[in-house]
Structures are given as structure tokens and as C-alpha cells.
Amino acid sequence: MAIVMAIGIVVQGVLLNYFGIQFFQHIFGKILCIINLSLWFSFISSFFIASLDGKFKDIHYSNVINRFGIGTWVAGTSISGILFYKQFSNWGFIPVIIAFINIILWIIYIAISVRAFIEISRTKSYQNVHGILLLTTVSTQSIVLLLNTVFKEISDIFNLSLLIIGFCFYLVCVFFIFSRYFKHSWSLEKDWNNTNCILHGALSISGIACLVTGIISIDIIRWIWRAAFIIFIAVEIMELSRLFNRIKHYGFTQAIFIYDVTQWSRVFTFAMFYTFTSLFQTHLFIGSIVIETILKVGVWVVIILLLIELSLSLHNAIITYKQSTRKIGRETEVNSPYSL
């Protein structure tokens, strides 16, 4: 679902704001939306299959940290509902159904996450936490965006409640993440997780949610953008340092061209910060050079990151397919009645 989140915000946020509504409504924009919706439906189907096979708990729940990854289902479903509503307005009842289902999924996810927070706190197992915890904030604010897109009127109290819940989760997650890196020994190349970039991505989506609801003052949103910008710079400095360290320890190929699903979080967070900046640019007092650079250069950075991740994931899928084919071939050969 991290893939659905990333592609969805690139299409709905980055490409739409850069190329305009004409691109979004053009056949190319529709094709991208259909591809993303197809991915979303296939992943939803795989979750049901895992449940029927009895593998759901082992894959998604047994590890207390991995439970937070369920937040990608909520956020991915939110962006899919928004895309469906924007692209296929004649089928407006489907996004409504998606919205109600997603609210139920979000409630279940939050209950699971709160229990996970308590378990981590009780066992003092901060050494394994990372930015995946911030999906609690991302999923909550994605619900705000979905509901305010699909429904014409959402009460200010309801919007404000969700926004506050999202920000409270952000503070809790930051405390847990800082506890890991300040209280335990760690190395940059091994222990700095890709998902830590959600530190600024979660603030960006929170800022967008504040903008969409229209109930938060411009001054507060401006401070949210500044915080997201500062954290973006700090996190990406860490990422560059980590990159050089990994090249030094593992070599160029092993350091860069190794696929991991958590890498999609970088595409998502970059795209989210770009979208936040493009939507809020007229209210920012920071130097115009900085804003223009983010808006003109940032779009191509996001597109390049997306293409890199797509190529890495395709390459990984091909390798996995070949390995599974060889394994099946060997098992067939061993089990064959004609084998010696």
C-alpha cells in the first residue's frame, strides 16, 4: 500500500499542481489513476487472501512494529477514494462507500496502534522503533482529506477532533523515535530507517489537512510548513550522510540499487512536501528563490525518485520470479517418479 500512497500523491498532488487540471483530466492522467486504483484493489484482495489462508497474523500483526504498517492501508485507501471521486464523478456512491469502510478500518488501526504503543512502552523496547509509527498521523490526516473531498459538509468539530488526534500521535511518535536514537547505540548506515523521512511527510499531510478544512489559522499553518521544511532539511542531511556511509561499507551497487518496500516512503514524503508547498505558496514569507526552487526543481526530483523506485521494484520482482521458478523446478525434479 506504500506504493499506492506514493503514486497517488504524485498524481493527485505533484503532477496536478505542476501541470494543471488539463493534465489530470487528460487520458494520461486517467491512465495513471486507473493503474493506481488497480494496484489498490489488488493489494486489498491480497489481504483477504492472506486472511483466508491464515497467514494474516504472521505477516501483519505478530511483529509489534510492523502493525503500524497497516496505516498504509488507510492512507492508500484514502488517496484511492479521492482519485476515484475526482476522476469518475458519475460513480460518486463508490467513493462514499470507500470512505465509510475506511473510517472503520482507521478505527481498528488506531486501536491496534494504541495497544502497540502501550506494549512498546511497557517493555521499553524503543530500540526497534522508527518512522513507521508516524503512519498513525498520516492515516488520520488522510481520513480528513478523504472525508472533506467526498462529502460536501463536515462539521468543524469533527475536523478539528481528527486534526488534534493526528497531531497528538505525531508528538507521541517523535517521543518514541527520539527515545530510540538518544537512549540506544546505533550506526547511521545500519539503524537509520528509510521510514524516518515520514517525520516531515507527516507534518506536510497535516498541513494540507489544515488547509482543506479551513478551520486553522494561516499563521499556524505557516509554522507547520516551517517545521516541515526544517525537518526535511535535517532528515535529508542524515540520508545523504547515510548514503555515503553505505557506499563506503557496502559498495556502490549494494548501497544504492537494493530494493526495499520502505523506500516508497521517500517518494511519498517528497511528494507530500511538494504538494503542501504548492498549495500554500502564496502565504509563505520565505525567500522567493527557495519557494521557486522547490516548485520548479522539486517536481522533477519526485518524478526521478518515482521512476527509480519503479525500476528497482520491477527488477526485484523479476529476480523473485526467477528464484521461485527455479525452486519449483528443483522440487518438481526431486519429486518426479523418474528421478534417480
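The present account deals with the structure reproduced in this document. This structure is a prediction, so every number in the text was calculated from the model and none was measured.

**Some thoughts on the nonpolar core**
So, point 1. If you look at the biggest cluster of nonpolar residues, it comprises 100 residues, and the most contacted ones within it are F68, I120, L133, L134, V138, W225 and W264.
So, point 2. Apart from the residues within four sequence positions on either side, I120 is in contact with V64, I65, F68, S125, Y126, V129 and F176.

**Brief notes about a nonpolar patch on the surface**
So, point 1. A contiguous nonpolar surface patch, about 460 Å² in accessible area, is contributed by Y18, F19, W300, I304 and I308.
So, point 2. Of all the elements in the fold, those that place two or more residues in the nonpolar patch are α1 (2-19) and α14 (288-335).
So, point 3. By residue number, the principal contributor to the nonpolar patch is α14, which donates three residues.
So, point 4. The topology assignment puts F19 in helix α1.

**Concerning the environment of V74**
So, point 1. Turning to its location among the elements, V74 is positioned in helix α5 (residues 71-87).
So, point 2. Owing to a relative accessible area of 0%, V74 belongs among the buried residues under this scheme.
So, point 3. With residues near it in sequence (within four places) discarded, V74 still touches N102, L105, W106, Y109, S139, S142 and I143.

**Concerning the packing of aromatic side chains**
So, point 1. Counted by the stated rule, this structure contains 19 aromatic pairs.
So, point 2. With a centroid separation of 5.8 Å and an interplanar angle of 80 degrees, the aromatic rings of F175 and F176 are classed as edge-to-face.
So, point 3. Its relative accessible area of 6% is what places F176 among the buried residues.
So, point 4. Among the aromatic residues, those joined into a cluster by ring pairs are F68, F117, F169, F175 and F176.
So, point 5. Stacked on the ring of W223, the Lys or Arg R226 has its end atom at 4.5 Å from the ring centre.

Analysis parameters
- Residues numbered from 1 in each chain as written.
- Predicted model: local features only at pLDDT ≥ 70, side-chain atom pairs only at ≥ 80, totals over all residues.
- Heavy atoms only, no water.
- Core = buried A, V, L, I, M, F, W, Y, C linked by side-chain atoms within 4.5 Å.
- Buried < 20%, exposed > 50% of the residue type's maximum accessible area, 1.4 Å probe, protein only.
- Contact = heavy atoms within 4.5 Å.
- Patch = residues over 30% accessible without salt bridge, like charges linked within 9 Å, V, L, I, M, F, W, Y side chains within 5 Å.
- Areas by Shrake-Rupley, 256 points an atom, 1.4 Å probe, with all protein chains shown as cover.
- Salt bridge = Lys/Arg side-chain N within 4 Å of Asp/Glu carboxyl O.
- Helix = DSSP H or I, 4+ residues; strand = E, 2+ residues; numbered from the N terminus.
- Phe/Tyr/Trp six-rings, centres within 6.5 Å; stacked < 30°, edge-to-face > 60°.
- Lys NZ or Arg CZ within 6 Å of the ring centre and 35° of its normal.

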